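So the chains spell out like this:
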Amino acid sequence: MSAVNFTLNGQPCEAREGETILKAAERAGVAIPRLCYTDGLRADGNCRACVVEVQGERTLAPSCCRAVAPGMVVDSRSERALKSQQMVLELLLADLPEAGYQWNDGDAQRPHGELSQWADALGVSARPALTALRRAQPAADLSHPAMAVNLDACIQCTRCVRACREAQVNDVIGMRGRGAHVQVVFDLGDPMGDSSCVACGECVQACPTGALSAKALIGDQRVDKQVDSVCPYCGVGCLLTYQIRDNRIVAVQGRDGPANAGRLCVKGRFGFDYVNHAQRLTTPLIRKPGVAKDAGAQHHPGQPPRDWREVFREATWDEALDLAAGGLKRLRDQHGPAALAGFGSAKGSNEEAYLFQKLVRTGFGSNNVDHCTRLCHASSVAALLEGVGSGAVSNPVNDVQHAGLIFIIGANPAQNHPVGATWMKNAAQRGAKIVLADPRRTDLARHAWRTLQFRPDTDVALLNAMLHTIIDEGLTDPAFIAERVNRFEELKTSVAAFSPELMAPICGIPAETIREVARAYATSPASMILWGMGVSQHVHGTDNARCLIALASITGQIGKPGSGLHPLRGQNNVQGASDAGLIPMMFPNYQRVSNPEAHRWFEHFWAMKLDDKPGLTVVEILHHALRAQDDPKKIRGMYVMGENPAMSDPDLAHARAGLANLDHLVVQDLFLTETAWLADVVLPASAWPEKTGTVTNTDRTVQMGRRALELPGDAKPDLWIIQQIATRMGLPWRYDGAESGVAAVYEEMRQAMHGVIQGVSWQRLEREHSVTYPCLSEDDPGQPIVFHDHFATDDGRVHLVPTQIVPANERPDADYPFVLITGRQLEHWHTGSMTRRTEVLDALEPAPTASLHGQDLQRLGVAPGDWLQVASRRGSVRLQARRDDGTPIGAVFIPFAFAEAAANLLTNPALDPFGKIPEFKYCAVAVAPIDG
């Protein structure tokens, strides 16, 4: 980028090409007042606090949106510029109340945030003559659980409007009125709490005066410390800063990270107080003798606390760890390594995942270790490993900014990956075409060029019809196929029977629409595919992903910016936990346990004899837990860290019975989850803000999380607990020290991953915080986009796999006429163990609901808010009806975070034969109103 030379305040200065005067001055150490401008938002130039004098020009120029020109002579401190800046600040101060809402740095003498700071810097105060003319002040709006609206402090800078409409693209905040009557409004002048606001808090972060404030931090904003970390929720991996006072998080700010550029969603910004919940575990617990494991007597976060003393007693750490490890060791020695299993966590760090799988493999002696990827993207990973040789994404989410067409299928990013969805909405604003393919019409549909609301379970029919069109109409990339694709002729023969005209009656999408979308995808300069669990959670989930791989491959839409394949990861460290080896058939970095070379390498690396047979998966483990006591294949003992299979597994009655049938269950968690109530030993663990470690987001970016809080009571770091179990089982582990111990584990994991993160040292992460792999050396910046010239397969080419229609395992019938679709909500996450214990999130979405189309509600004689019973062949739940005309007729959508109406009591445990993932997204249910 070429330099532009100009003069600033009498001194030579250098700007970057296209840079504004304000930013060039800032880099040169010259502070120019600004109020309507903030980093990350489009410059608007409306406040005029930043005006400067440009030689030869009649009027003053707003420096925030005026680009530097060669030879320009600028004076930000001339008498004329300074008087204008001061006048703007003086007039704005005159309208504001004396008692403000944003006392930056806790200075009560500066009650109006940035406005007060700039006023002090320029020696300005409100004149009595002007304050006497102060506007009539609007009343406060405190209707929202998380945010306060005090428009008496509003200066109409429009930062909140741009944050809402242009950054997050939620279109909630606007301006109404003219002249002195201009006012910020939500929707059509609604109270904020009644508006369509999704509580991302972007407006709060943007507001310079506190007119929009987080309720937790109004007024005195002194904090003890600020700690940079990573959001603990979805896989987007937003960077954030915790603001700490008295060992409590009082606020969260978005940080300029590669995935979020300062943006956050409602969970990232307001979902932090679960760490201080009254139900937090702080002491080890041991089940009392003779107390039965009642799988039906669960305590739910939304209910009055059950007295844990009826079931458990407190214990010392030595007693609890001796019992936990001793029970596992005894079962291993008596019944063999295959009698034990472990569930690790995708909500912890890479280091914890690595040590946990190492413990199971070297301490338990088998590969019976798994985590929640088995329940979300196992089929996607299976297809990607088979097809392109890597289970990770090819392009980061925000690469959609370079796409001409964005194909989103089986995903609801606006609810499940909200910050990721902002990049998609931004791309649509710039002219990219979004194609949204899903049985449900979700929030992104209003930004979509085409919405393909196909019938549930017909993914393969739709995708093969698109493949047919592309091949039939000659829209493939012949050179790419010839150089980089295998089995194209087999695919061509297979999809010949899948014309759009034949598939249209099956999938419910008109043939011409299928052809139109297929043409647009194939001919766009860059097309990108993103998918979620609507693709993967089927018995044909692997086939669904195989079709997507074929779409990208035969059109050459992979290996370049704005293209590729991206399975959106649901939890903050699903990618990292999988990379670290928390998979029953894979060592770290997806090296198969049955591969003799990999097996020998890890036996030497860990200096232990290892099992060379793939282990059992999550669902299989619980099946084996229900085997008879004399069955040699019975799973008898389990160690569960940070997972909640008593809520997350399909057919929960069966899963809970399996957990209750174990001889010995050790659970390590923050709360007495539904799983922990069935444990023999419960170990109080550390929350994400209480630990230091790395996580890897959906973009393959390894990121550093830093400890912000001290642990409550006698809770311990997860990494320490895993090591204590290991040493009591006879493993000679020595990862000493708190921070140094984490670093030592990370460096060992880096070796085990065979070069993929070779250039991502612990020291580099401490310095840079975020590095994307593959990264092969310290000076390698990382590779956000992969497959430029070859794939990670044995021959460097894509291996296509033709597919046929495989119906769902269970179809609707006269007794169970509805299709059940499960998923997450914006406010709640996974099994709700964290978000249901967060005040703001639970206030926004406090109760379980069943969403149905208005026509179905009318046919059932049910109004929104009425009670329903939804039943499958496995169980039933009661919950309230919600009208959602985006849900297809004949289907019902239920979120799975609510233990009092657990959707997984209904779901079908039938497995995809390749990914071994359950069919969460499709089963037959009956829906009936409940009188009274």
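The structure contained in this document is the topic of the report that follows.

Definitions and cut-offs
Residues numbered from 1 in each chain as written. Predicted model: local features only at pLDDT ≥ 70, side-chain atom pairs only at ≥ 80, totals over all residues. Heavy atoms only, no water. Helix = DSSP H or I, 4+ residues; strand = E, 2+ residues; numbered from the N terminus. Buried < 20%, exposed > 50% of the residue type's maximum accessible area, 1.4 Å probe, protein only. Contact = heavy atoms within 4.5 Å. Areas by Shrake-Rupley, 256 points an atom, 1.4 Å probe, with all protein chains shown as cover. Lys, Arg positive; Asp, Glu negative; His and termini not counted. Charge placed at Lys NZ, Arg CZ, Asp CG, Glu CD. Phe/Tyr/Trp six-rings, centres within 6.5 Å; stacked < 30°, edge-to-face > 60°. Lys NZ or Arg CZ within 6 Å of the ring centre and 35° of its normal. Axes fitted to C-alpha atoms, helices over the stretch in contact; angles between N-to-C directions. Left-handed = near helix turned anticlockwise from the far one by under 90°. Nonpolar A, V, L, I, M, F, W, Y, C, P; charged D, E, K, R; others polar. Polar contact = N/O pair within 3.5 Å; in protein donor to acceptor, adjacent residues only side chain to side chain. Pairing = 2+ DSSP bridges. Parallel < 35°, antiparallel > 145°, perpendicular 65-115°, else oblique. Salt bridge = Lys/Arg side-chain N within 4 Å of Asp/Glu carboxyl O. Expected span 1.5 Å × (residues − 1).

Let us now look at the overall build of the protein. Broken down by element type, the protein carries 29 helices and 41 strands. The dimensions of the protein, computed from C-alpha atoms along their principal axes, are 90 × 70 × 65 Å. The 932 residues of the protein split such that 65% are buried. Summarising the internal contacts of the protein: among those between residues at least 6 apart in sequence, 72% fall at separations of at least 24. For the protein, the computed accessible surface area is about 32900 Å², with 50% contributed by carbon and sulfur atoms. Positive and negative side-chain charges in the protein, numbering 91 and 105 respectively, have mean positions lying 1 Å apart.

Take the packing of aromatic side chains next. Taken as a whole and judged by the stated rule, the model has 15 aromatic pairs. Ring centres of Phe 480 and Phe 791 lie 6.4 Å apart, and the angle between their planes is 80 degrees; this geometry places the pair in the edge-to-face category. Taken as a pair, Phe 480 in helix 14 (residues 478–484) and Phe 791 in the loop between strand 32 (770–772) and strand 33 (798–799) lie far apart in primary sequence, 311 residues in all. For Phe 791, a relative accessible area of 1% corresponds to the buried category. Both rings, one in Phe 587 and one in Trp 606, keep their centres 6.1 Å apart while their planes meet at 80 degrees; by these two values the pair is edge-to-face. In this pair, Phe 587 is assigned in strand 25 (residues 586–587) and Trp 606 in helix 21 (residues 596–606), connecting sequence segments 19 residues apart. Each member of the pair, Phe 587 as well as Trp 606, is classed as buried. A cation sits over an aromatic face here: Arg 440 above Phe 893, 3.8 Å from the ring centre. In this arrangement the basic side chain of Lys 716 is found over the ring face of Trp 720, its NZ or CZ atom lying 5.4 Å from the centre.

Geometrically, a packed helix pair is captured by the angle between its two axes and the distance between the axes. Across the interface, helix 13 (residues 459–472) lies against helix 17 (residues 511–523) with an axial gap of 9 Å and an inter-helix angle of 65 degrees. Where helix 13 crosses over helix 17, the two elements pack in a sense that is right-handed. Between helix 13 and helix 17, the residues in contact are Leu 462, Ala 465, Met 466, His 468, Thr 469, Ile 470 and Asp 472 and Ile 514, Arg 515, Val 517, Ala 518, Tyr 521 and Ala 522, respectively. Residue composition of the contact of helix 13 with helix 17, by class: nine nonpolar, two polar and two charged.

Once that is clear, we can look at unusual backbone geometry. The omega torsion across Tyr 773 and Pro 774 is 0 degrees, close enough to zero to call that bond cis. Mapped onto the elements, Pro 774 comes out in the loop between strand 32 and strand 33. The phi torsion at Asn 247 lies on the positive side, around 60 degrees, for a residue other than glycine. Of note, Asn 247 is situated in the loop between strand 13 (239–245) and strand 14 (248–254).

Attention shifts here to the environment of Asp 75. With respect to the element layout, Asp 75 can be found in strand 5 (residues 73–75). With relative accessibility at 29%, the residue Asp 75 sits in the partly exposed group. Expressed as a C-alpha distance, the spacing of Asp 75 and Val 702, which sit 627 residues apart in the sequence, is 44 Å. Those residues in contact with Asp 75 that lie beyond four places of it in its chain are Asn 9, Val 52, Glu 53 and Ala 81. Within the local environment of Asp 75, its side chain forms a polar contact with the backbone nitrogen of Arg 77, the two atoms lying 2.9 Å apart.

Strand direction decides the pairing type here: strand 35 (residues 849–852) and strand 37 (residues 876–883), joined by four bridges, are parallel. Its bridge partner being in strand 37, Ala 850 is matched across the sheet by Ala 881. Here strand 36 (residues 867–871) pairs with strand 37 via five bridges, running antiparallel. Residue Leu 868 lies in a different strand from strand 37, and its bridge partner there is Leu 879. Between strand 36 and strand 37, which pair antiparallel in sequence order, lie four residues.

Walk down a regular strand and you will see the side chains alternate between the two sheet faces. Sheet topology places strand 8 (residues 173–176) next to strand 9 (residues 183–186); four bridges connect them, and they run antiparallel. Bridge pairing links Arg 176 to Gln 183 in strand 9. A loop of six residues connects strand 8 with strand 9, the two strands running antiparallel in sequence, and Gly 177 in this loop sits at a positive phi of about 90 degrees.

With that settled, consider the packing of helix 13 against helix 19 (residues 541–554). Put simply, helix 13 and helix 19 touch, their axes get as near as 9 Å, and they point 20 degrees apart. The angle between the axes of helix 13 and helix 19 places the two elements in the roughly parallel class. Here helix 13 runs over helix 19; the crossing is left-handed. Contact residues: Asp 459, Val 460, Leu 463, Asn 464, Met 466, Leu 467, Ile 470 and Ile 471 in helix 13; Asp 543, Asn 544, Cys 547, Leu 548, Ala 550, Leu 551 and Ile 554 in helix 19. Classifying every residue of the contact of helix 13 with helix 19 gives 11 nonpolar, two polar and two charged.

Strands sit in the order 16-15-29-28-27-17-18 across an open sheet of seven strands; the sheet is mixed. Sheet topology places strand 16 (312–314) and strand 18 (369–370) at the edges, where each strand pairs with a single neighbour.

Here we come to the pattern of salt bridges. Scanning all chains against the criterion turns up 58 salt bridges. For Glu 748, the salt bridge goes to Lys 358, with nearest N and O atoms at 2.8 Å. Remark: Lys 358 occurs in helix 9 (residues 350–364) and Glu 748 occurs in helix 26 (residues 739–752); sequence separation between them is 390 residues. Under the relative-accessibility criterion, Glu 748 is labelled buried at 14%.

A word on helix 9. Given a rise of 1.5 Å per residue, 15 residues ought to cover 21 Å, and the 20 Å separating the end C-alpha atoms of helix 9 matches this to within 8%. Where burial is concerned, most of helix 9 is hidden: 15 out of the 15 residues are buried. Phi for Gly 365, located one or two positions after helix 9, is positive at around 95 degrees.

By the criterion of burial, helix 10 (residues 378–387) is predominantly enclosed, with eight of the 10 residues buried. Looking at helix 10, one finds that the buried residues are Ala 378, Ser 379, Ser 380, Val 381, Ala 383, Leu 384, Leu 385 and Gly 387. Considering only its buried residues, helix 10 is in contact with strand 23 (527–531), helix 18 (533–536), helix 19, strand 24 (564–567), strand 25 and strand 33. Once helix 10 ends, the next one or two residues include Gly 389, with phi positive near 85 degrees.

Here we have three strands laid out as an open sheet, ordered 30-31-32, and antiparallel in their pairing. A single partner strand is all that each edge strand has here, and the edge strands are strand 30 (693–696) and strand 32. Between one strand and the next, the sheet's axes are offset by a mean angle of 25 degrees, whatever the strand orientation. As judged from the three bridges shared by strand 31 (residues 701–705) and strand 32, these two strands associate in the antiparallel manner. The residue of strand 32 that forms the bridge with Thr 701 is Thr 772.

To continue, consider the side chain of Asp 699. With respect to the secondary-structure elements, Asp 699 resides in the loop between strand 30 and strand 31. There is no salt bridge for the buried Asp 699, and the closest opposite charge comes from Arg 700, which lies 7.5 Å off by N-O distance. Reaching out from Asp 699, the side chain makes a polar contact with the backbone nitrogen of Val 397 at a distance of 2.8 Å. Once you skip the residues sitting within four places of it in the chain, Asp 699 turns out to touch Ala 259, Val 393, Pro 396, Val 397, His 566 and Thr 772.

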